[in-house]
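Breakdown of the fold
For reference, the chains in residue letters:
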Amino acid sequence: MLLSRRRWPGVTSITLRLTVFFALASTLVLLALGYLIGNAVEQHFVEQDIDILSGKRQLVERALAQVRSHDDFVDLARRLDDARAGFPGLVLAVAIDEQHTVFAGQGGDYPALLLAETSSEAPRLREWTASDGRPWRGLALRLPVCPVSAPECGGVRIALALDISHHAHFMHGFRLTL
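So, here is what we can say about the structure in this document. The structure displayed is predicted, hence computed values, not measured ones.

About the cut-offs
- Residues numbered from 1 in each chain as written.
- Predicted model: local features only at pLDDT ≥ 70, side-chain atom pairs only at ≥ 80, totals over all residues.
- Heavy atoms only, no water.
- Phe/Tyr/Trp six-rings, centres within 6.5 Å; stacked < 30°, edge-to-face > 60°.
- Helix = DSSP H or I, 4+ residues; strand = E, 2+ residues; numbered from the N terminus.
- Buried < 20%, exposed > 50% of the residue type's maximum accessible area, 1.4 Å probe, protein only.
- Salt bridge = Lys/Arg side-chain N within 4 Å of Asp/Glu carboxyl O.
- Axes fitted to C-alpha atoms, helices over the stretch in contact; angles between N-to-C directions.
- Parallel < 35°, antiparallel > 145°, perpendicular 65-115°, else oblique.
- Left-handed = near helix turned anticlockwise from the far one by under 90°.
- Contact = heavy atoms within 4.5 Å.
- Nonpolar A, V, L, I, M, F, W, Y, C, P; charged D, E, K, R; others polar.

So, about the packing of aromatic side chains. On inspection of all chains with the given rule, the structure shows 3 aromatic pairs. Here the aromatic rings of Phe 21 and Phe 22 are separated by 5.5 Å at their centres, their planes lie at 65 degrees, and the arrangement is edge-to-face. Ring centres 5.6 Å apart and planes at 85 degrees place the aromatic pair Phe 45 and Phe 170 in the edge-to-face group. Taken together, the residues span a long stretch of sequence, with Phe 45 in helix H2 (residues 14-65) and Phe 170 in helix H5 (residues 165-177) at a distance of 125 residues. Owing to a relative accessible area of 11%, Phe 45 belongs among the buried residues under this scheme.

Next comes the structure, spelled out in structure tokens:
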């Protein structure tokens, strides 16, 4: 025993060293698992939001396909407002051009750039924080359809946004639990 202490001065027992090693290894494994699970849950929320936004996008496209005259826009606004039923955090806007917004739901605080940056390509999902501090996720796109009343419109722009504060609240609690 005396011989081993001279050889490695200040080194404690092998039991203590193994205990510390396993504690550190376990901590690192649990932290890595928590990180991976947290990212998986966050990705799941993004996929759910994409599904909701895609479904509402299809509903808007079908409603726009039925617009034949200027009077149909009144019915379109009602139908789009009804489409928000059951989704209190959903906001959508439909515009023919910069001067003529057909429908804009209340709330959302989505930036004007979301509508301005629309393209006919695959829409990009964007995230931002509104002026009231709530997080939002949304997309905007341009559809190559024009109502009969505006045949030279260049397409209809659609912006859809979801309030994701419930996701952020869950993730905050989840990370604290980990």
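On to the pattern of salt bridges, then. Here the structure, examined in full by the defined rule, presents 6 salt bridges. Linking Arg 137 and Glu 42 is a salt bridge whose minimum nitrogen-to-oxygen distance equals 3.3 Å. You can see Arg 137 sitting in strand S4 (residues 135-143) and its partner Glu 42 sitting in helix H2, a full 95 residues away along the chain. On the accessibility criterion, Arg 137 (0% relative accessible area) is buried. The exposure class of Glu 42 is partly exposed, given its relative accessible area of 25%. For Arg 137, the salt bridge is made with Glu 127, and the minimal N-O distance between the two is 3.0 Å.

Now for the packing of H2 against helix H3 (residues 72-83). The interhelical angle for the contact between H2 and H3, taken along N-to-C directions, is 165 degrees, at an axis separation of 10 Å. Of the possible angle classes, the one that applies to H2 and H3 is roughly antiparallel. Relative to H3, H2 is oriented so that their crossing is right-handed. Of H3, the residues touching H2 (which contributes Lys 56, Leu 59, Val 60, Ala 63 and Leu 64) are Leu 76, Arg 79, Leu 80 and Ala 83. Considering only residue class, the contact of H2 with H3 consists of 7 nonpolar, no polar and 2 charged.

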